[in-house]
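# Chain and residue survey
Residues per chain, in single letters:
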Amino acid sequence: MNAQAPASRDPRLNRPEPLTPPLGDGGFFQRDRSIHPPAHAPGYKSSVLRSPRLALLSLEGSISEITGPVFGHNDLGPLDNDLIRNYAKDGDPIGERIVVHGRVVDETGRGVPNTLVEFWQANAGGRYRHKKDTYLAPIDPNFGGCGRALTDDTGYYYFRTVKPGPYPWRNYVNSWRPAHIHFSVFGSGFAQRLITQMYFEGDPLIPICPILTTIPDKDALDRLVAPLDLNASTPFDSLAYRFDIVLRGQRSTYFENRTAGN
Amino acid sequence: MTQPLNYLKETASQTAGPYVHIGLIPAMAGFDIFEKNFSNVLVTPNTEGERITLEGKVLDGTGTPLRDVLLEIWQANASGRYNHPADRSAGALSEEFRGWGRAGSNFESGLVTFETIKPGAITDRAGRTCAPHVNVWIVARGINIGLNTRLYFSDEEAANAADPVLNLIEQPSRRSTLIAKRTERAGKVVYSFTINLQGPEETVFFDV
Ligand SMILES: [Fe+2]
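Residues numbered from 1 in each chain as written. Chains lettered and ligands numbered in written order. Predicted model: local features only at pLDDT ≥ 70, side-chain atom pairs only at ≥ 80, totals over all residues. Heavy atoms only, no water.

### What about the overall build of chain B?
Let me state the cut-off plainly: Numbering goes from the N terminus for both helices and strands, where a helix is a DSSP run of H or I of at least four residues and a strand is a run of E of at least two. Throughout, the radius of gyration refers to the C-alpha atoms, and the reference size of a globule is 2.2 Å times the residue count to the power 0.38. The buried label applies to any residue whose accessible area, calculated with a 1.4 Å probe on protein chains only, is under 20% of its type's maximum; exposed applies above 50%, and partly exposed to all values in between. By definition in these notes, contact holds between two residues if any of their heavy atoms fall within 4.5 Å. Using the Shrake-Rupley algorithm and a 1.4 Å probe, accessible areas are obtained, with residue cover drawn only from the displayed protein chains. Within this scheme the basic residues Lys and Arg register as positive and the acidic residues Asp and Glu register as negative, but His and the chain ends are omitted. Charge coordinates come from a single atom per side chain, which is NZ of Lys, CZ of Arg, CG of Asp or CD of Glu.
Of the regular secondary structure elements, chain B holds four helices and 11 strands. In summary, chain B has a C-alpha radius of gyration of 18 Å against a globular reference of 17 Å for 208 residues, a match within 12%. The dimensions of chain B, computed from C-alpha atoms along their principal axes, are 65 × 40 × 40 Å. Per-residue burial over chain B gives 58% buried out of 208 residues. Considering only residue pairs separated by 6 or more positions, chain B has 67% of its internal contacts joining residues 24 or more positions apart. Roughly 8600 Å² of accessible area belongs to chain B as shown, and the carbon and sulfur atoms make up 50% of that amount. One finds the centroid of the 20 positive side-chain charges in chain B at a distance of 2 Å from the centroid of its 24 negative side-chain charges.

### Let's talk about the overall build of chain A
In terms of regular secondary structure, chain A is built from two helices and 12 strands. For chain A, the α and β elements follow one another from N to C terminus as β-α-β-β-β-β-β-β-β-β-α-β-β-β. For chain A, the residues scored as buried account for 57% of the 262 residues in total. Restricting to contacts in chain A with at least 6 residues of sequence separation, those with at least 24 account for 73%. Accessible surface computed for chain A: about 11800 Å², of which carbon and sulfur atoms make up 55%.

### Considering the pattern of salt bridges
How we decide: The working definition used for a salt bridge is a side-chain nitrogen of Lys or Arg within 4 Å of a carboxyl oxygen of Asp or Glu.
Counted under the stated rule, the structure contains 26 salt bridges over all chains. Between E118 of chain A and R102 of chain B there is a salt bridge, and its shortest N-O distance comes to 2.8 Å. With E118 of chain A in strand 3 (residues 116-120) and R102 of chain B in strand 3 (residues 100-104), the pair connects residues from two separate chains. Among the residues examined, E118 of chain A registers a relative accessible area of 0% and is labelled buried. Residue E55 of chain B is joined to R185 of chain B by a salt bridge in which the shortest nitrogen-to-oxygen separation is 3.0 Å. You can see E55 of chain B sitting in strand 1 (residues 51-59) and its partner R185 of chain B sitting in strand 9 (residues 179-185), a full 130 residues away along the chain. With relative accessibility at 43%, the residue R185 of chain B sits in the partly exposed group.

### Some details on the environment of A29 of chain B
Note on placement: A29 of chain B falls in helix 2 (residues 26-29). Spatially, the C-alpha atoms of A29 of chain B and Y19 of chain B are 7.4 Å apart, while their sequence positions differ by 10 residues. When near neighbours in sequence (up to four residues on either side) are disregarded, A29 of chain B contacts R129, H130 and K131 of chain A together with H21 and I22 of chain B.

### Side note on the pairing of strand 2 (residues 70-75) of chain B
Residues and elements named next belong to chain B. Where we set the bar: A strand pair is defined by DSSP finding two or more bridges across the two strands.
Counting buried residues in strand 2 gives six out of six residues, a clear majority hidden from the surface. Here strand 2 shows two buried faces, one formed by L70, E72 and W74 and the other by L71, I73 and Q75. Relative to strand 7 (residues 133-139), strand 2 runs antiparallel, the two sharing six bridges. In the sheet register, W74 faces strand 7, and the bridge partner there is N135.

### Considering the side chain of D106 of chain A
Mapped onto the elements, D106 of chain A comes out in strand 2 (residues 97-106). Filtering out sequence-adjacent residues up to four positions away, D106 of chain A remains in contact with V112, Q192, V246, L247, R248, G249 and Q250 of chain A together with L8 of chain B.

### Examining the environment of I195 of chain A
When you line up the elements, I195 of chain A lands in strand 9 (residues 194-200). Expressed as a C-alpha distance, the spacing of I195 of chain A and F119 of chain A, which sit 76 residues apart in the sequence, is 9.6 Å.

### Here we look at the nonpolar core
Under the convention used in this document: Nine residue types can take part in a nonpolar core, namely buried Ala, Val, Leu, Ile, Met, Phe, Trp, Tyr and Cys, and a core is a set of them joined through side-chain atoms within 4.5 Å.
Among the nonpolar cores identified, the biggest contains 39 residues, and V100, Y157, F183, M198, F243 and I245 of chain A are the most heavily contacted of them. Sorting the residues of this core by element identifies strand 2, strand 3, strand 5 (156-162), strand 8 (180-185), strand 9, helix 2 (218-222), strand 10 (225-226) and strand 12 (245-247) of chain A as the ones contributing at least two each. Ranked by residue count, the leading element in this core is strand 9 of chain A, at four residues. Counting residues in each nonpolar core, the second largest holds 36 residues, with F71 of chain A together with F31, I33 and L70 of chain B among its members.

### Quick word on the interface of chain A and chain B
Stated precisely, the cut-off is as follows: Two parts lose some accessible area (1.4 Å probe) when they are put together, and adding that loss for both gives the buried area. Any pair of N or O atoms that falls within 3.5 Å is considered a polar contact. Within protein, one atom must be able to donate a hydrogen and the other to accept it, and sequence-neighbouring residues count only if both atoms are side-chain atoms.
Between chain A and chain B, the contact holds 95 residues from the first and 79 residues from the second. Taken together, both faces of the contact between chain A and chain B bury some 7800 Å²; the carbon and sulfur share is 59%. Scanning the region where chain A abuts chain B turns up eight salt bridges. Between E72 of chain B and R193 of chain A there is a salt bridge; the shortest N-O distance is 2.7 Å. Where chain A packs against chain B, one counts 45 residue pairs in polar contact (both at pLDDT 80 or more). The set of elements that each furnish at least two residues to the side of chain A that touches chain B consists of strand 1 (57-58), helix 1 (63-66), strand 2, strand 3, strand 4 (146-150), strand 8, strand 9 and strand 12 of chain A. Here the side of chain A that touches chain B takes five residues from strand 9 of chain A, the largest share from any one element.

### Considering the pairing of strand 9 of chain B
Residues and elements named next belong to chain B. Sheet topology places strand 8 (residues 147-153) next to strand 9; two bridges connect them, and they run parallel. Bridging across to strand 9, F153 finds its partner in A180. In terms of strand pairing, strand 9 meets strand 10 (residues 188-196) through five bridges, oriented antiparallel. Bridge pairing in strand 10 links E184 to V189. Between strand 9 and the antiparallel strand that follows it, strand 10, lie two residues; A186 among them carries a positive phi value of about 50°.

### Here we look at the coordination of the iron ion
All names here are of chain A. The following threshold applies: Ligating atoms shown are N, O and S within 2.8 Å of the metal, or 3.2 Å for Na, K and Ca, and water is not included, meaning a site may look less than complete. Tetrahedral means four donors with every angle between 85 and 135 degrees, whereas square planar (four donors) and octahedral (six donors) require angles over 155 degrees between opposite donors and between 65 and 115 for all others; sites fitting neither are termed irregular.
Taken together, Y128 (OH), Y167 (OH), H180 (NE2) and H182 (NE2) make up the full set of protein donors to the iron ion, lying 1.9 to 2.2 Å away. Note that the iron ion binds four donor atoms; their angles at the metal cover 91 to 162°, and the shape is irregular. Sequence positions of the donors to the iron ion reduce to the motif Y-x38-Y-x12-H-x1-H. On the criterion of sequence distance, the pair formed by Y128 in the loop between strand 3 and strand 4 and H180 in strand 8 is long-range, its members being 52 residues apart.

Here is the structure:
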């Protein structure tokens, strides 16, 4: 696999200069909640009793949220980003072999380096290796379904896996999740912490998914759908999908301000 | 027309789902895969500070504990310093304390526990003293975007009364939703908390 970050499909991600000076550690940009699903989204029934009803209290970025845990290569093992090999017992897992790759950047387009990205998914038949999953599709003895990677200096990450299958779940009587991979991303500050899901281009279940359609903004929803990236595929081996992740940007402190009263 | 302002948009959040353990705590999903795992134990034998257990539940709108919830905590060390380059305060840093951990709730009881140390008071960037606290992030099936809250300590009454964040909470009665209660059990210090997602005792959640 090529560890070089390839050109992004979004030209803004290739911008050589960040918008703000690189050492800014002011608070994070205010979160634009209009592009996130609301806590209470009745079409996704589980959200009804699990959604706060009072207004969130806005905190101007304090040191407690500008900071966050730092991870390194010591936290990972050599097979952690290879889901085809990291649980293989007596052969490769069943399914379409794919590479998922992309960059973690912030809202200014700057790469987020050395940040931990974790991912988990169902197997090719739509079954999770989880003691609480009882779907009738079989467990794959050679597939665990999870991995993790640390982004490089430019924010680039990649991993190899098999394409997950769709699966049924209890929401309406006939609700099916589109094929998806769950992602957990840290960033440099605890305020950037994000969990999301990546979907696959062309999946007919996308527009009718009660979870995906909790997102009120069509463009924000489209940005969770990874396009096929034929240029990054390996001939006679695996297809590739590209998934860039954008975390909140960070303000710079251009001038030292005197504290009030001084 | 003006010049375009080419900020990107943050990637939208999606629920962690019921099987979050597979990716983040695979042992709880029922299998062993990684050489190194993250856990709810933040301390090593050499970490400085008072050993404490944080123990609590997250309750839904009917008062029922969530049994598939995952919490992460992020905190300063005993000197009040975060193990992160943006914290340039004076307290000593410790190699033996990253300050971060994660825990899934027990599948039967919903109980969540962390083994950590009590953090020191923090000096914020405006030079104000903040009461010792632990930052909490909550994800689960049915939670569409991670929830941020904090835990303060019941035996820090004076520091809590002066804390700039607690004082942002308009109703004094709601401040108590963030206070973990200190008890001792078999010689160990335990701080207990309850996070209410809804209802008259709804916990204060932050837009950080
Ligand atoms: Fe899923």
